[in-house]
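Here is how the chains run, residue by residue.
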Amino acid sequence: MSNPKRVPFLDLVTPHRELENELVEVYRKALHTAGFIGGPMVEGFERDFAAFCETKHCVGVGSGTDALRFALMALGVTGGETVLTVPNTFIATTEAITQAGAKIDFVDIDPKTYNLDPAKLKDYLEKQCTADPKSGKRVSKRTGTPVAAVIPVHLYGQMADMDGILELARGYGLSVVEDACQAQGAEYYSKKENRWRKAGSVGAAAAFSFYPGKNLGACGEAGAVTTNDEKLAAAIRMIRDHGQAQKYYHDIEGYNGRLDAIQAGILQVKLKHLAGWNSRRQEAAAQYTAMLADVDGIITPFEPDWSRSVYHLYVIRLKDREALRKHLAGLGIDTGLHYPLPLHQQKAYAHLGYRTGDFPVAESAASEILSLPMFPSLTGDQQHMVQEGIRSFNSSTKEMAGSTAR
Ligand SMILES: *Cc1c(COP(=O)(O)O)cnc(C)c1O
(Lines give C-alpha, C1' and ligand atoms only; values in the text may rest on other atoms or scores of the structure.)
Protein backbone atom coordinates (compact mmCIF):
# COMPACT_ATOMS: atom_id res chain seq x y z
CA MET A 1 0.00 0.00 0.00
CA SER A 2 1.42 3.37 -1.01
CA ASN A 3 -0.18 5.39 1.80
CA PRO A 4 -0.61 3.38 5.01
CA LYS A 5 -2.74 6.15 6.51
CA ARG A 6 -5.50 5.79 3.92
CA VAL A 7 -7.86 2.88 3.36
CA PRO A 8 -9.13 2.81 -0.24
CA PHE A 9 -12.53 1.34 -0.99
CA LEU A 10 -11.00 -0.95 -3.59
CA ASP A 11 -7.42 -1.75 -4.64
CA LEU A 12 -7.32 -2.76 -8.30
CA VAL A 13 -3.61 -2.05 -8.73
CA THR A 14 -2.10 -4.78 -6.51
CA PRO A 15 -3.56 -7.82 -8.34
CA HIS A 16 -2.52 -6.41 -11.72
CA ARG A 17 1.03 -5.76 -10.51
CA GLU A 18 1.22 -9.33 -9.24
CA LEU A 19 0.04 -10.80 -12.56
CA GLU A 20 1.69 -8.22 -14.83
CA ASN A 21 3.93 -10.60 -16.80
CA GLU A 22 1.18 -13.12 -17.49
CA LEU A 23 -1.28 -10.38 -18.49
CA VAL A 24 1.18 -8.68 -20.84
CA GLU A 25 1.87 -12.09 -22.39
CA VAL A 26 -1.84 -12.33 -23.32
CA TYR A 27 -1.60 -9.04 -25.17
CA ARG A 28 1.59 -10.15 -26.93
CA LYS A 29 -0.05 -13.38 -28.05
CA ALA A 30 -2.99 -11.45 -29.50
CA LEU A 31 -0.62 -9.08 -31.34
CA HIS A 32 1.43 -11.94 -32.78
CA THR A 33 -1.61 -13.85 -34.04
CA ALA A 34 -3.88 -10.84 -34.71
CA GLY A 35 -6.57 -12.94 -33.02
CA PHE A 36 -8.59 -10.08 -31.59
CA ILE A 37 -12.16 -11.33 -32.10
CA GLY A 38 -13.28 -14.87 -31.23
CA GLY A 39 -10.79 -17.71 -31.53
CA PRO A 40 -8.98 -19.93 -29.00
CA MET A 41 -8.66 -17.38 -26.19
CA VAL A 42 -12.42 -16.76 -26.12
CA GLU A 43 -13.21 -20.47 -26.40
CA GLY A 44 -10.65 -21.31 -23.72
CA PHE A 45 -12.11 -18.85 -21.26
CA GLU A 46 -15.68 -19.97 -22.02
CA ARG A 47 -14.70 -23.58 -21.31
CA ASP A 48 -12.90 -22.69 -18.06
CA PHE A 49 -15.65 -20.40 -16.77
CA ALA A 50 -18.38 -22.95 -17.54
CA ALA A 51 -16.37 -25.49 -15.52
CA PHE A 52 -15.95 -22.98 -12.67
CA CYS A 53 -19.72 -22.34 -12.57
CA GLU A 54 -20.53 -26.05 -13.00
CA THR A 55 -22.60 -25.38 -16.13
CA LYS A 56 -22.52 -26.98 -19.56
CA HIS A 57 -22.15 -23.72 -21.50
CA CYS A 58 -20.67 -20.27 -21.18
CA VAL A 59 -21.08 -17.63 -23.88
CA GLY A 60 -18.74 -14.64 -23.61
CA VAL A 61 -20.35 -11.27 -24.38
CA GLY A 62 -19.43 -7.59 -24.24
CA SER A 63 -20.69 -6.78 -20.72
CA GLY A 64 -22.98 -7.88 -17.92
CA THR A 65 -25.69 -5.70 -19.43
CA ASP A 66 -25.36 -7.56 -22.75
CA ALA A 67 -25.51 -10.85 -20.85
CA LEU A 68 -28.80 -9.94 -19.16
CA ARG A 69 -30.36 -8.54 -22.34
CA PHE A 70 -29.26 -11.44 -24.56
CA ALA A 71 -30.44 -14.05 -22.03
CA LEU A 72 -33.93 -12.50 -21.95
CA MET A 73 -34.04 -12.21 -25.75
CA ALA A 74 -32.93 -15.83 -26.22
CA LEU A 75 -35.67 -16.91 -23.80
CA GLY A 76 -38.17 -15.16 -26.07
CA VAL A 77 -38.99 -12.33 -23.67
CA THR A 78 -39.23 -9.70 -26.40
CA GLY A 79 -42.92 -8.95 -26.94
CA GLY A 80 -43.90 -6.63 -24.11
CA GLU A 81 -44.18 -9.31 -21.41
CA THR A 82 -43.49 -8.37 -17.80
CA VAL A 83 -40.16 -9.24 -16.16
CA LEU A 84 -39.83 -8.98 -12.38
CA THR A 85 -36.78 -7.95 -10.41
CA VAL A 86 -35.84 -6.05 -7.24
CA PRO A 87 -35.64 -2.25 -6.84
CA ASN A 88 -32.23 -2.32 -5.11
CA THR A 89 -30.01 -3.33 -8.00
CA PHE A 90 -27.76 -1.60 -10.50
CA ILE A 91 -29.83 -0.08 -13.32
CA ALA A 92 -28.33 -2.53 -15.87
CA THR A 93 -30.79 -5.18 -14.62
CA THR A 94 -33.81 -3.10 -15.63
CA GLU A 95 -32.17 -1.55 -18.71
CA ALA A 96 -31.83 -5.10 -20.01
CA ILE A 97 -35.55 -5.75 -19.44
CA THR A 98 -36.66 -2.63 -21.33
CA GLN A 99 -34.08 -3.04 -24.09
CA ALA A 100 -35.13 -6.66 -24.67
CA GLY A 101 -38.64 -5.30 -25.33
CA ALA A 102 -40.27 -6.22 -22.02
CA LYS A 103 -41.87 -4.29 -19.16
CA ILE A 104 -40.35 -3.86 -15.70
CA ASP A 105 -42.06 -4.57 -12.39
CA PHE A 106 -40.53 -4.83 -8.95
CA VAL A 107 -40.88 -7.11 -5.94
CA ASP A 108 -39.55 -6.01 -2.55
CA ILE A 109 -36.60 -7.63 -0.78
CA ASP A 110 -35.87 -9.58 2.37
CA PRO A 111 -34.77 -7.11 5.10
CA LYS A 112 -31.87 -9.30 6.27
CA THR A 113 -30.28 -10.52 3.02
CA TYR A 114 -31.37 -7.57 0.81
CA ASN A 115 -32.23 -10.13 -1.89
CA LEU A 116 -35.54 -10.99 -3.58
CA ASP A 117 -37.97 -12.30 -0.98
CA PRO A 118 -39.72 -15.48 -2.24
CA ALA A 119 -42.72 -14.79 0.03
CA LYS A 120 -43.21 -11.37 -1.57
CA LEU A 121 -42.81 -12.89 -5.04
CA LYS A 122 -45.58 -15.36 -4.17
CA ASP A 123 -47.74 -12.54 -2.91
CA TYR A 124 -47.16 -10.57 -6.12
CA LEU A 125 -48.06 -13.50 -8.37
CA GLU A 126 -51.16 -14.37 -6.36
CA LYS A 127 -52.52 -10.94 -5.45
CA GLN A 128 -51.13 -8.41 -7.93
CA CYS A 129 -51.84 -10.51 -11.00
CA THR A 130 -54.89 -11.98 -12.68
CA ALA A 131 -55.00 -15.27 -14.58
CA ASP A 132 -55.00 -15.10 -18.36
CA PRO A 133 -57.90 -17.41 -19.31
CA LYS A 134 -56.16 -18.63 -22.48
CA SER A 135 -52.58 -19.28 -21.43
CA GLY A 136 -53.13 -19.63 -17.69
CA LYS A 137 -50.20 -17.23 -17.23
CA ARG A 138 -50.22 -14.58 -14.52
CA VAL A 139 -50.97 -11.12 -15.91
CA SER A 140 -49.59 -8.17 -13.96
CA LYS A 141 -52.30 -5.72 -12.93
CA ARG A 142 -49.74 -2.91 -13.10
CA THR A 143 -48.30 -3.53 -16.58
CA GLY A 144 -51.25 -5.39 -18.10
CA THR A 145 -49.00 -8.04 -19.66
CA PRO A 146 -48.17 -11.67 -18.78
CA VAL A 147 -45.32 -12.22 -16.32
CA ALA A 148 -42.74 -14.16 -18.34
CA ALA A 149 -39.57 -14.04 -16.28
CA VAL A 150 -37.98 -13.11 -12.98
CA ILE A 151 -34.42 -11.87 -12.41
CA PRO A 152 -33.19 -12.58 -8.87
CA VAL A 153 -30.07 -10.48 -8.23
CA HIS A 154 -27.36 -12.13 -6.13
CA LEU A 155 -26.52 -8.82 -4.49
CA TYR A 156 -23.19 -8.12 -2.74
CA GLY A 157 -21.95 -11.63 -3.69
CA GLN A 158 -24.68 -13.58 -1.88
CA MET A 159 -27.17 -15.74 -3.74
CA ALA A 160 -30.90 -15.18 -3.42
CA ASP A 161 -33.02 -17.89 -1.73
CA MET A 162 -33.42 -19.87 -4.95
CA ASP A 163 -35.49 -22.93 -3.90
CA GLY A 164 -38.59 -20.85 -3.25
CA ILE A 165 -38.07 -18.70 -6.35
CA LEU A 166 -37.59 -21.74 -8.62
CA GLU A 167 -40.68 -23.44 -7.23
CA LEU A 168 -42.86 -20.38 -7.90
CA ALA A 169 -41.30 -19.99 -11.35
CA ARG A 170 -42.13 -23.60 -12.18
CA GLY A 171 -45.66 -23.23 -10.89
CA TYR A 172 -46.38 -20.07 -12.87
CA GLY A 173 -44.31 -20.79 -15.99
CA LEU A 174 -41.70 -18.06 -15.47
CA SER A 175 -38.15 -18.17 -16.83
CA VAL A 176 -35.48 -17.48 -14.22
CA VAL A 177 -32.42 -15.44 -15.22
CA GLU A 178 -29.90 -15.03 -12.40
CA ASP A 179 -28.20 -11.66 -12.21
CA ALA A 180 -24.91 -13.13 -10.96
CA CYS A 181 -22.89 -10.04 -11.92
CA GLN A 182 -21.68 -9.60 -8.31
CA ALA A 183 -21.50 -13.28 -7.41
CA GLN A 184 -18.78 -15.18 -9.31
CA GLY A 185 -18.19 -18.30 -7.21
CA ALA A 186 -21.01 -17.80 -4.68
CA GLU A 187 -22.88 -20.91 -3.55
CA TYR A 188 -26.40 -21.78 -2.41
CA TYR A 189 -27.43 -24.91 -0.53
CA SER A 190 -30.57 -26.27 -2.15
CA LYS A 191 -32.54 -28.13 0.52
CA LYS A 192 -34.69 -29.52 -2.24
CA GLU A 193 -31.75 -31.12 -4.01
CA ASN A 194 -29.60 -31.62 -0.92
CA ARG A 195 -26.51 -30.08 -2.46
CA TRP A 196 -24.55 -26.87 -2.90
CA ARG A 197 -25.15 -25.11 -6.21
CA LYS A 198 -22.87 -22.54 -7.84
CA ALA A 199 -24.15 -19.10 -8.83
CA GLY A 200 -24.98 -19.18 -12.52
CA SER A 201 -26.00 -22.86 -12.55
CA VAL A 202 -29.45 -22.55 -11.03
CA GLY A 203 -31.65 -20.52 -13.40
CA ALA A 204 -32.44 -21.13 -17.08
CA ALA A 205 -29.55 -18.75 -17.69
CA ALA A 206 -27.33 -16.43 -15.67
CA ALA A 207 -25.59 -13.15 -16.42
CA PHE A 208 -22.06 -12.33 -15.26
CA SER A 209 -20.20 -9.04 -15.51
CA PHE A 210 -16.43 -8.80 -15.62
CA TYR A 211 -16.34 -5.05 -15.12
CA PRO A 212 -12.90 -4.34 -13.57
CA GLY A 213 -14.20 -3.92 -10.00
CA LYS A 214 -16.11 -7.23 -9.88
CA ASN A 215 -14.65 -10.28 -8.05
CA LEU A 216 -13.43 -11.49 -11.45
CA GLY A 217 -12.73 -8.39 -13.53
CA ALA A 218 -11.36 -7.82 -17.01
CA CYS A 219 -9.01 -4.99 -17.97
CA GLY A 220 -11.92 -3.36 -19.78
CA GLU A 221 -15.52 -4.35 -20.47
CA ALA A 222 -16.61 -8.00 -20.54
CA GLY A 223 -19.46 -10.32 -19.55
CA ALA A 224 -20.83 -13.84 -20.01
CA VAL A 225 -23.99 -15.90 -19.95
CA THR A 226 -23.94 -19.39 -18.41
CA THR A 227 -26.61 -22.02 -19.06
CA ASN A 228 -27.13 -25.77 -19.22
CA ASP A 229 -29.44 -25.38 -22.21
CA GLU A 230 -27.63 -25.98 -25.49
CA LYS A 231 -30.33 -24.29 -27.61
CA LEU A 232 -30.26 -21.21 -25.43
CA ALA A 233 -26.45 -21.04 -25.65
CA ALA A 234 -26.65 -21.31 -29.45
CA ALA A 235 -29.27 -18.54 -29.59
CA ILE A 236 -27.10 -16.24 -27.46
CA ARG A 237 -24.07 -16.98 -29.68
CA MET A 238 -26.17 -15.76 -32.63
CA ILE A 239 -27.50 -12.67 -30.87
CA ARG A 240 -24.02 -11.56 -29.77
CA ASP A 241 -22.74 -11.85 -33.36
CA HIS A 242 -25.24 -10.02 -35.59
CA GLY A 243 -27.65 -12.93 -35.75
CA GLN A 244 -25.26 -15.08 -37.75
CA ALA A 245 -24.19 -18.67 -37.10
CA GLN A 246 -22.38 -18.69 -40.44
CA LYS A 247 -20.55 -15.54 -41.55
CA TYR A 248 -22.79 -13.15 -43.56
CA TYR A 249 -25.86 -15.43 -43.31
CA HIS A 250 -28.13 -13.69 -40.81
CA ASP A 251 -31.06 -15.64 -39.38
CA ILE A 252 -32.12 -12.68 -37.23
CA GLU A 253 -30.97 -9.16 -36.44
CA GLY A 254 -28.56 -9.35 -33.55
CA TYR A 255 -26.02 -7.13 -31.85
CA ASN A 256 -22.31 -6.48 -31.79
CA GLY A 257 -21.94 -7.98 -28.33
CA ARG A 258 -18.95 -10.29 -28.48
CA LEU A 259 -16.33 -10.88 -25.81
CA ASP A 260 -13.02 -9.37 -26.88
CA ALA A 261 -10.24 -11.98 -27.25
CA ILE A 262 -7.69 -9.98 -25.22
CA GLN A 263 -10.19 -9.61 -22.36
CA ALA A 264 -10.97 -13.35 -22.57
CA GLY A 265 -7.25 -14.16 -22.32
CA ILE A 266 -6.88 -11.83 -19.34
CA LEU A 267 -9.93 -13.38 -17.65
CA GLN A 268 -8.52 -16.86 -18.21
CA VAL A 269 -5.32 -15.88 -16.38
CA LYS A 270 -7.24 -14.26 -13.53
CA LEU A 271 -9.81 -17.07 -13.20
CA LYS A 272 -7.08 -19.33 -11.77
CA HIS A 273 -6.84 -16.93 -8.83
CA LEU A 274 -10.56 -16.31 -8.28
CA ALA A 275 -11.16 -19.04 -5.67
CA GLY A 276 -8.19 -17.76 -3.64
CA TRP A 277 -9.31 -14.14 -3.93
CA ASN A 278 -12.84 -15.11 -2.86
CA SER A 279 -11.43 -16.92 0.20
CA ARG A 280 -9.47 -13.79 1.12
CA ARG A 281 -12.69 -11.76 0.89
CA GLN A 282 -14.49 -14.31 3.08
CA GLU A 283 -11.71 -14.14 5.69
CA ALA A 284 -11.79 -10.35 5.67
CA ALA A 285 -15.60 -10.40 6.01
CA ALA A 286 -15.41 -12.76 9.00
CA GLN A 287 -12.79 -10.46 10.52
CA TYR A 288 -15.01 -7.35 10.12
CA THR A 289 -18.00 -9.20 11.56
CA ALA A 290 -15.98 -10.24 14.63
CA MET A 291 -14.51 -6.73 15.04
CA LEU A 292 -17.92 -5.04 14.87
CA ALA A 293 -19.94 -7.61 16.84
CA ASP A 294 -20.09 -5.49 20.02
CA VAL A 295 -20.46 -2.07 18.37
CA ASP A 296 -23.87 -0.60 19.18
CA GLY A 297 -26.21 0.26 16.35
CA ILE A 298 -24.26 -1.49 13.59
CA ILE A 299 -25.89 -4.40 11.77
CA THR A 300 -23.32 -6.62 10.01
CA PRO A 301 -24.16 -8.72 6.92
CA PHE A 302 -26.45 -11.70 7.44
CA GLU A 303 -25.21 -14.90 5.86
CA PRO A 304 -27.80 -17.69 6.22
CA ASP A 305 -26.55 -21.26 6.71
CA TRP A 306 -27.63 -22.03 3.14
CA SER A 307 -25.35 -19.41 1.68
CA ARG A 308 -21.64 -19.04 0.96
CA SER A 309 -21.24 -15.40 0.01
CA VAL A 310 -18.19 -14.25 -1.95
CA TYR A 311 -18.46 -10.74 -0.45
CA HIS A 312 -18.24 -8.64 -3.56
CA LEU A 313 -19.25 -5.96 -1.05
CA TYR A 314 -19.27 -5.90 2.75
CA VAL A 315 -22.34 -3.85 3.64
CA ILE A 316 -23.21 -2.72 7.17
CA ARG A 317 -26.40 -1.00 8.19
CA LEU A 318 -27.00 1.82 10.69
CA LYS A 319 -29.40 4.68 11.33
CA ASP A 320 -26.94 7.53 10.89
CA ARG A 321 -25.27 6.31 7.72
CA GLU A 322 -24.41 9.73 6.25
CA ALA A 323 -22.68 10.91 9.43
CA LEU A 324 -20.54 7.76 9.69
CA ARG A 325 -19.64 8.03 6.01
CA LYS A 326 -18.43 11.60 6.56
CA HIS A 327 -16.59 10.67 9.75
CA LEU A 328 -14.72 7.83 8.00
CA ALA A 329 -13.92 10.02 4.98
CA GLY A 330 -12.33 12.51 7.39
CA LEU A 331 -10.07 9.69 8.63
CA GLY A 332 -9.04 8.74 5.08
CA ILE A 333 -11.32 5.69 4.90
CA ASP A 334 -13.29 5.37 1.67
CA THR A 335 -16.77 3.81 1.67
CA GLY A 336 -19.47 3.21 -0.95
CA LEU A 337 -23.27 3.20 -1.31
CA HIS A 338 -24.88 0.27 -3.16
CA TYR A 339 -27.25 1.80 -3.92
CA PRO A 340 -28.31 5.22 -2.59
CA LEU A 341 -31.66 5.41 -4.46
CA PRO A 342 -33.87 2.42 -5.36
CA LEU A 343 -34.69 2.13 -9.07
CA HIS A 344 -38.43 2.83 -8.69
CA GLN A 345 -37.48 6.27 -7.27
CA GLN A 346 -35.02 7.13 -10.04
CA LYS A 347 -35.81 9.90 -12.52
CA ALA A 348 -35.28 7.41 -15.36
CA TYR A 349 -38.35 5.51 -14.15
CA ALA A 350 -40.59 8.41 -13.16
CA HIS A 351 -42.84 7.46 -16.11
CA LEU A 352 -43.59 4.09 -14.49
CA GLY A 353 -45.57 5.90 -11.82
CA TYR A 354 -44.24 4.28 -8.65
CA ARG A 355 -44.47 6.15 -5.38
CA THR A 356 -42.32 6.40 -2.29
CA GLY A 357 -43.57 3.69 0.05
CA ASP A 358 -44.21 1.14 -2.72
CA PHE A 359 -41.18 -0.95 -1.68
CA PRO A 360 -40.61 -0.03 1.97
CA VAL A 361 -37.93 -2.62 2.73
CA ALA A 362 -35.72 -1.56 -0.18
CA GLU A 363 -36.34 2.11 0.58
CA SER A 364 -35.34 1.97 4.25
CA ALA A 365 -32.29 -0.18 3.43
CA ALA A 366 -31.14 2.36 0.83
CA SER A 367 -30.93 5.09 3.46
CA GLU A 368 -29.09 2.95 6.04
CA ILE A 369 -26.55 0.82 4.16
CA LEU A 370 -22.82 1.52 3.94
CA SER A 371 -20.26 -0.52 2.00
CA LEU A 372 -16.89 -0.80 3.81
CA PRO A 373 -13.55 -1.29 2.02
CA MET A 374 -13.43 -4.86 0.68
CA PHE A 375 -10.90 -6.44 -1.68
CA PRO A 376 -8.59 -9.49 -1.55
CA SER A 377 -5.44 -7.55 -0.58
CA LEU A 378 -7.17 -5.69 2.30
CA THR A 379 -4.78 -5.98 5.26
CA GLY A 380 -5.48 -6.63 8.93
CA ASP A 381 -4.08 -3.17 9.72
CA GLN A 382 -6.47 -1.53 7.29
CA GLN A 383 -9.40 -3.42 8.79
CA HIS A 384 -8.22 -2.32 12.21
CA MET A 385 -8.28 1.32 11.06
CA VAL A 386 -11.84 0.87 9.79
CA GLN A 387 -12.86 -0.64 13.12
CA GLU A 388 -11.24 2.18 15.09
CA GLY A 389 -12.93 4.71 12.81
CA ILE A 390 -16.36 3.23 13.48
CA ARG A 391 -15.72 3.00 17.23
CA SER A 392 -14.55 6.61 17.43
CA PHE A 393 -17.72 7.67 15.57
CA ASN A 394 -19.87 5.79 18.06
CA SER A 395 -18.21 7.32 21.10
CA SER A 396 -18.38 10.85 19.62
CA THR A 397 -22.12 10.53 18.84
CA LYS A 398 -22.73 9.18 22.36
CA GLU A 399 -20.96 12.19 23.87
CA MET A 400 -23.07 14.50 21.73
CA ALA A 401 -26.27 12.73 22.73
CA GLY A 402 -25.16 13.05 26.35
CA SER A 403 -24.44 16.77 26.05
CA THR A 404 -27.79 17.58 24.39
CA ALA A 405 -29.59 15.59 27.11
CA ARG A 406 -28.02 17.86 29.71
C1 LIG B 1 -22.10 -4.75 -12.65
C2 LIG B 1 -23.51 -5.15 -12.66
C3 LIG B 1 -24.26 -5.27 -13.86
C4 LIG B 1 -23.78 -4.77 -15.19
O5 LIG B 1 -22.60 -5.23 -15.65
P6 LIG B 1 -21.77 -4.41 -16.76
O7 LIG B 1 -20.67 -5.37 -17.11
O8 LIG B 1 -21.28 -3.17 -16.14
O9 LIG B 1 -22.68 -4.17 -17.91
C10 LIG B 1 -25.55 -5.75 -13.78
N11 LIG B 1 -26.11 -6.10 -12.61
C12 LIG B 1 -25.44 -5.96 -11.43
C13 LIG B 1 -26.12 -6.38 -10.17
C14 LIG B 1 -24.13 -5.48 -11.43
O15 LIG B 1 -23.50 -5.33 -10.26
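Residues numbered from 1 in each chain as written. Predicted model: local features only at pLDDT ≥ 70, side-chain atom pairs only at ≥ 80, totals over all residues. Heavy atoms only, no water.

## Some words on helix H10 (residues 321–330)
Along H10, the residues that are buried comprise Arg321, Leu324 and Leu328. Projection of H10 onto a plane perpendicular to its axis shows the buried side chains occupying an angular sector of 65°, all on one side. Exposed positions of H10 whose direction lies more than 90 degrees from the buried face are Lys326, Ala329 and Gly330. Taken from the residues just after H10, Gly332 is the one with a positive phi, measuring 80°. (Buried < 20%, exposed > 50% of the residue type's maximum accessible area, 1.4 Å probe, protein only. Helix = DSSP H or I, 4+ residues; strand = E, 2+ residues; numbered from the N terminus. Arc of directions from axis to C-beta.)

## Quick notes on the sheet that holds strand S8 (residues 187–190)
If you walk across this open sheet you meet the three strands as S9-S8-S14, and the pairing is antiparallel. Edge positions in the sheet fall to strand S9 (195–198) and strand S14 (307–308), since each has one partner strand and no second. (Pairing = 2+ DSSP bridges.)

## With respect to the domain arrangement of the protein chain
Domain annotation of the protein chain identifies domain 1 (13–107 + 114–270) and domain 2 (273–395). Relative placement of domain 1 and domain 2: their C-alpha centres are 25 Å apart. A combined buried area of about 3300 Å² lies between domain 1 and domain 2, and 58% of that area is made up of carbon and sulfur atoms. When the area that domain 1 buries against domain 2 is broken down by residue, the three leading residues are Tyr114, Tyr156 and Asn215, summing to 22%. At the junction of domain 1 and domain 2, the tally comes to one salt bridge. (Domains from an automatic or database assignment. Buried area = accessible area lost by both parts, 1.4 Å probe. Salt bridge = Lys/Arg side-chain N within 4 Å of Asp/Glu carboxyl O.)

## Here we look at the packing of aromatic side chains
The full count for this structure, using the stated rule, is 15 aromatic pairs. Ring centres of Phe106 and Phe359 lie 5.9 Å apart, and the angle between their planes is 75°; on these two criteria the pair is classed as edge-to-face. Here Phe359 lies in the loop between H10 and helix H11 (360–366) and Phe106 lies in strand S3 (residues 103–106), a separation of 253 residues in the sequence. Taking 5.6 Å as the distance between ring centres and 55° as the angle between the ring planes, the aromatic pair formed by Tyr354 and Phe359 counts as tilted. An identical accessibility class is assigned to Tyr354 and Phe359; each is buried. Three or more aromatic residues joined by ring pairs make a cluster, and in this case those are Phe45, Phe49, Phe52, Phe208 and Phe210. When the ring centre of Phe302 is taken as reference, the NZ or CZ atom of Lys112 above it lies at 4.4 Å. Above the face of the Tyr354 ring, Arg142 is positioned so that its terminal group lies 3.8 Å from the ring centre. (Phe/Tyr/Trp six-rings, centres within 6.5 Å; stacked < 30°, edge-to-face > 60°. Lys NZ or Arg CZ within 6 Å of the ring centre and 35° of its normal.)

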